Structures are given as C-alpha cells and as structure tokens.
Amino acid sequence: MYDLVVIGSGPGGYIASIRAAQLGMNVACVERYPTFGGTCLNVGCIPSKALLESSERFSEAQTHFTDHGIEIDEVSLNLEKMLSRKDEVVSSLVQGIEYLFGKNDVEGIHGWGTIIDENTVEVTDDDGETTTLETERILIATGSKPIALPGVEFDKEFIVDSTAALEFEEVPDHLVVIGAGVIGLELGSVWGRLGADVTVLEYLPEVFGGRMDSDVAKLAQRVFKRQGIEFVMEAEVTAASVDDGVVTTTYKHDGEEKTIESDRLLVGIGRYPFTENLGLDNIGLQTNERGFIEVDEHFQTDIDGVYAIGDVIPGPMLAHLAEHEGVVCVERMNGIAGHVNYDAVPDVVYTHPEIASVGKTEAELQEAGIDYKVGQFPFKANGRARALNDTDGFTKILAHAETDQILGAHIIGIRAGDMIAELAVACEFESSAEDVARSSHAHPTLAEIVKEAALDVDDRKLNL
Ligand code: FAD
Ligand code: NAI
C-alpha cells in the first residue's frame, strides 16, 4: 500500500513525488512515456530553451560580433548538430530524474495510469501488462496538450504543434505561425534566427494576449518586427491545407478572406488540460467547462483523497508553478502550512529581448480600481547593458499609491528572466518599492535597472 500515487512525472508530479518521499511518504510516480520529466523536460521548456540559446548565438555571430570588433569570414549552420545538442541537454536532465527518484526512494513506474477507485490506480505498460497500485491518496499531475484549431489538422510534418517544431530537419523557407503567444514567439524566434521568413497570424490586437503589460507587449512587437518577424494582427484563421508540400492557410482579416502560403505551419494557440483515459468517471470526478480539474486550497479535488496540480488545474501553465503547487500540496497532506501566492509567480518569455513579469499589470490594477504609482527605467541608461551592447527595453514597477507595496513588475530586456527573481521575492515578502530602492545592488549589473525603477516610483532616479 502506497501513501501516495502520483500520476504524471512533469515538473508538478516529479517534484511532488520527491518532496512527499522526503516527508516520509511511500510514493509511486506513474508516467506513460519512457522518460520522466513531462512536457517541460522532454518537449517544452528545456528543448525550446536549448534551441533559443543556440539560435541566439548563431544570430549574434552574424549580426553583432562585428560591433565588438570580432570579424568572422563566414558563419554557417550545422542544424543536425544544433538539434543533437538540444537532445543531449534533454536526455541528461531526464536521466537526472531517474537519479533523483533513486536517491529519494520514489518508485518510478512507466505505463498508463487509470484511476479505478479513490484508493486504486491501475498501470498498463506498452505490452498491455497491468499492475494494480493500492494507495492512501492519489495526486493527478497529468499536464496539458496542444490545442488543435478546427479546420487545421496536425500532420506532424507540415502543420505542426510545438513538439514537431522542435525537430524540423531543415530550416523552413517560410514559417507561418498561428498565435502570437509564448510558443509562437519563442519558436518563431528560433526559426527566424536560423533563416526562415516568419509570419505570425494573431487573433487579438496585441501580442501575448493580455498576459504581459501592454507597454511591454507593444515594445516587444516593435523589436520582433525589427528582427524580421511579420505580424498580421486581428486575423482569424479558418482553415489550412497541404498540397505538394505547400501549406495554404486561410484567414479573415479586415473583413476579407485571405490566404498565405508557407512550407510549414506552427499552431500555437494554447494548451488544454489532459485527462483522457484517466478514469475520472470511475470516481465521479467532473472537470469544469474548459476541461480543468477544480481544486480547493489544499489542491484537493471534489473527491476526498484525490488531489490535482499543475497544468491540469485552472491557472497559468508554468513549470515552476506546477512544482510550487506540488510541494504545497504534499506538505499540506503532512500538516505543514503553506500556500501558493499567485501574485508572486514570475512569468518569463525567453525571446530576445527577454520578457518577464510578476504580479499585476497596469490594466489589471485599473480594472480593480487600485491606485498605483509607476517607476520606470530604461536599459539604455545602464552601464552593463551598454557594455553588453544590448540596450532595448525597460523595467517598470507598479507600487500601491499609499502603502508603496510592489503590486506588479514588468521587464523587457536582455536577461529579464533572471532580473525578475528579485522582484518576485519582493512581491512574496510584500516589500515596498522603497525597500528595493534602499537595497544595495552591485555595480555594474543589470540589477541596477531594477533599483533605479524602484527609485523612480518615488520620482528620484539617479542615472537619468
Ligand atoms: P506536464 O509537464 O505536461 O507532465 C504531465 C505528465 O503526465 C506527462 O509526462 C504525461 O505523459 C503524463 N501523463 C498524462 N496522463 C497520464 C496517465 N494517465 N498515466 C501516466 N502518465 C500520464 N513553462 C515554463 O515555466 N517555462 C518555460 O520556458 C516553458 N516553456 C515551454 C515550452 C513549450 C514548447 C511548451 C509546450 C511548454 C512550455 N512551458 C514552459 C510549460 C510547461 O512545460 C508546463 O507548464 C509544465 O510542463 C506543466 O507541468 P505538469 O507537471 O503540470 O505537466
Ligand atoms: P498562449 O495562450 O500563450 O498564446 C496563444 C495565442 O494564440 C494567443 O495570443 C491567442 O490570442 C492566439 N490565438 C488563439 N486562437 C487563435 C486563432 N484561432 N487564430 C489566431 N490566434 C489565435 O499559448 P501558447 O503559446 O500555445 O502556449 C501554451 C502554454 O504553454 C502557455 O500557457 C504557456 O504558459 C506555456 N508556455 C510557457 C512558456 C514560457 O513560460 N516561457 C513557453 C512556451 C509555452
């Protein structure tokens, strides 16, 4: 009898399993794929960041090395090597989970997990062999899958989701992307840097669909355009077909029906919670109208002893959030107090420049009727950004008009993803902008931009 069976080994499931085992629980983690790590390690965060890093270096070598006085005669691409490096990064990390399971006494089991009743999970392996696991509690961490657009069927070669777009064997001449969201812009950037013409068709008037502060989204789109990505905003895609290797995508724009041809089409319009063949009906557990499993503050579902975390529950779909929810969930099972502060969860887009945010956007504060002050500081006035030869962007801090508490922070610029960590901690500690402004920040670092933005909340920036 297990204390806990976790279904799914993504960042939510594998971290929850390790933490539960650390707390003395007897844990099994069931994963239907041959490697642990879920979407994030196998086909998400890690391979996409590996390709973003490689393609960024390729692009830098072509465009900006000469600014540093580095002359290279010719820069050429070995795509096969780039893809195999990405695969090596992935395999080293997924093997790392096997090691961590061993070290923490988590039993990793490969096979499809089906909930039979509140205390039983059946695991079916690839040969159809079944094993029955008896357990005190069940944690569902089955993650998400790409949403398909009606009329645009994935064929894994020409019309693809993010997984296949990490594997193109050749750089497409023309890549059309549906959706100016995180996937569209990260993977659009990868293939654009490697030489593809990239056109993004987006339903809404702004990139990132309201997820990022509007000022940040506007600057991001301007910079991406300068990098060569074309945008058709307020475009509604209705169909796509493939003929002789040419994809024709049909969309409505400006009241007209238009078509665009490309050699690859990437659909990045969001992901849906994955609960297929999980056996939810066997325990009478309903999903909400969008397919998510609803939970309470203990991450317990409507069924006693059955919990859920990560992409399969409502909320942002982020790896570090899935981990955080997993840890809080199993700690609460063990009587340890804790909660997830959703206003202190950073959100990073790994394009160039990077985009990072935590807490509320200006639009959200306005909608909530909260009075706030704004502090802003540009990268171009920072010594380190100049030394890095990378001065696009700014940091913006939103603080409560009376208490000065930081309610939101938004950064666009090189290494924004690392810079936001300080502001996420500030939000978690309910710090004021003055707290950040009075803290010492090393010179010369990009972190000084955060300090200056915090000073600017009180209208007293020093270096501009
Ligand atoms: P998942 O990682 O989806 O894991 C769920 C696991 O459950 C899967 O391995 C699945 O096989 C398994 N499973 C499902 N059903 C069963 C079953 N019945 N039996 C057994 N196993 C089952 N997030 C970030 O924070 N940063 C990023 O940079 C980032 N980049 C991304 C890039 C891409 C291209 C994509 C697609 C996503 C990215 N994400 C990123 C999102 C991130 O991957 C997810 O938020 C995260 O993986 C969710 O974790 P999870 O544990 O909830 O689910
Ligand atoms: P997304 O929700 O970020 O963006 C989807 C975009 O597609 C939106 O702008 C939306 O308006 C648009 N769209 C929807 N339907 C459309 C249509 N019919 N025609 C044109 N445009 C349409 O979803 P995305 O990019 O697929 O990412 C899925 C999830 O994966 C996200 O929730 C994200 O959190 C996660 N992810 C996170 C990353 C990160 O943290 N860096 C990287 C990649 C993915």
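Cut-offs and rules
- Residues numbered from 1 in each chain as written.
- Chains lettered and ligands numbered in written order.
- Predicted model: local features only at pLDDT ≥ 70, side-chain atom pairs only at ≥ 80, totals over all residues.
- Heavy atoms only, no water.
- Helix = DSSP H or I, 4+ residues; strand = E, 2+ residues; numbered from the N terminus.
- Rg over C-alpha atoms; globule rule 2.2 N^0.38 Å.
- Buried < 20%, exposed > 50% of the residue type's maximum accessible area, 1.4 Å probe, protein only.
- 1 Å grid on protein atoms, 1.4 Å probe; cavity = no way out; pocket = protein on both sides within 12 Å on 5 of 7 lines; lining within 4 Å.
- Points joined across faces, edges and corners; volume = space filled by probe spheres on them.
- Pairing = 2+ DSSP bridges.
- Axes fitted to C-alpha atoms, helices over the stretch in contact; angles between N-to-C directions.
- Contact = heavy atoms within 4.5 Å.
- Disulfide = S-S within 2.5 Å.
- Domains from an automatic or database assignment.
- Buried area = accessible area lost by both parts, 1.4 Å probe.
- Salt bridge = Lys/Arg side-chain N within 4 Å of Asp/Glu carboxyl O.
- Near = heavy atom within 4 Å.
- Polar contact = N/O pair within 3.5 Å; in protein donor to acceptor, adjacent residues only side chain to side chain.
- Areas by Shrake-Rupley, 256 points an atom, 1.4 Å probe, with all protein chains shown as cover.
- Phe/Tyr/Trp six-rings, centres within 6.5 Å; stacked < 30°, edge-to-face > 60°.
- Nonpolar A, V, L, I, M, F, W, Y, C, P; charged D, E, K, R; others polar.

A separate point is the overall build of the protein. A count of helices and strands for the protein gives 12 helices and 22 strands. For the protein, whose C-alpha radius of gyration is 23 Å, the value lies close to the compact-globule estimate of 23 Å for 464 residues. Its C-alpha atoms give the protein principal-axis dimensions of about 65 × 60 × 45 Å. For the protein, with 464 residues in total, the buried portion stands at 51%.

The next point concerns the layout of surface pockets. Considered as a void within the structure, the second largest pocket measures approximately 470 Å³ in volume. Lining the second largest pocket are 20 residues, with Ser59, Thr63, His64, Gln227 and His352 sitting closest to its centre. Broken down by secondary-structure element, the contributors of at least two residues to the lining of the second largest pocket are α3 (45–63), α5 (182–193) and α6 (214–226). A per-element tally of the lining of the second largest pocket places α3 first, with 5 residues.

A few words on the sheet that holds strand β22 (residues 406–413). What the 5 strands build is an open sheet, ordered β18-β19-β22-β21-β20; its pairing is antiparallel. The open sheet has two free edges, formed respectively by β18 (347–349) and β20 (372–378), since each of these has just one partner strand. For this sheet the average axis-to-axis angle between neighbouring strands, irrespective of direction, equals 10 degrees. With 6 bridges joining them, strand β21 (residues 394–400) and β22 adopt antiparallel strand pairing. If you follow Ala399 over to β22, its bridge partner there is Ile406. In this fold helix α12 (residues 447–457) packs onto β20, β21 and β22, with an angle of close to 140 degrees to the strand it touches most, β20.

The next subject is the state of the cysteines. Taken as a whole, this structure holds 0 disulfides when the rule is applied. Considering cysteine sulfurs only, Cys329 is the nearest to Cys29, which forms no disulfide, with 13 Å between them.

The next subject is the domain arrangement of the protein. Each assigned domain of the protein is listed with its residue range as follows: domain 1 (2–146 + 272–340), domain 2 (159–269) and domain 3 (344–456). Relative to domain 2, the C-alpha centre of domain 1 lies at a distance of 27 Å. Contact with domain 1, which involves 19 residues of that partner, is made by 16 residues of domain 2. Both sides together, the interface formed by domain 1 and domain 2 hides about 1400 Å², and carbon and sulfur atoms give 66% of it. Three residues stand out in domain 1 for area buried against domain 2, namely Val43, Leu52 and Leu79, and they jointly supply 31% of the buried area on that side. For the pair domain 1 and domain 2, the number of links is 3 salt bridges.

Taken together, 23 residues surround ligand 2, and among them Ile183, Glu202, Gly270, Met317 and Val348 come closest. Glu202 has a polar side-chain atom sitting 2.6 Å from an oxygen atom of ligand 2. Within the contact set of ligand 2, an oxygen atom lies 2.9 Å away from a side-chain nitrogen or oxygen of Arg211. Protein chains bury 81% of the 850 Å² of accessible surface belonging to ligand 2 in isolation. The element best represented in the shell around ligand 2 is α5, accounting for 3 residues.

Here the structure, examined in full by the defined rule, presents 16 salt bridges. Here Asp87 makes a salt bridge to Lys86, at a shortest N to O gap of 3.1 Å. In the salt-bridge network here, residues are joined through shared partners; they are Asp213, Asp215, Glu362 and Lys396.

Another aspect to go through is the packing of aromatic side chains. Where two aromatic rings form a pair, the distance of their centres and the angle of their planes describe that pair. Per the counting criterion, the structure on display carries 3 aromatic pairs. Their ring planes at 65 degrees and their centres at 6.1 Å tell us that Trp112 and Phe274 sit as a pair that is edge-to-face. Taken together, the residues span a long stretch of sequence, with Trp112 in strand β4 (residues 112–117) and Phe274 in the loop between β16 (271–273) and β17 (306–308) at a distance of 162 residues. Look at Trp112 and you get partly exposed, because its relative accessible area is 24%.

Close to ligand 1 lie 39 residues, the nearest being Glu31, Thr39, Lys49, Gly113 and Ala319. Separating a nitrogen atom of ligand 1 from a backbone N or O atom of Arg32 is a distance of 3.1 Å. Of all the elements in the fold, those that place two or more residues in the shell around ligand 1 are α1 (11–22), β2 (27–31), α2 (38–43), α3, β4 and α7 (319–333). Looking at the shell around ligand 1 element by element, the count peaks at 4 residues for α2. Looking at the shell around ligand 1, its residues break down into 17 nonpolar, 17 polar and 5 charged.

Our focus in this paragraph is the sheet that holds strand β12 (residues 236–243). Across the sheet, 3 strands lie side by side as β12-β13-β14; this open sheet has antiparallel pairing. Strands with a single pairing partner mark the edges of an open sheet, and in this sheet they are β12 and β14 (256–262). Direction aside, neighbouring strands of the sheet carry axes that sit 20 degrees apart on average. Sheet topology places strand β13 (residues 246–253) next to β14; 7 bridges connect them, and they run antiparallel. Bridge pairing links Thr250 to Thr259 in β14.

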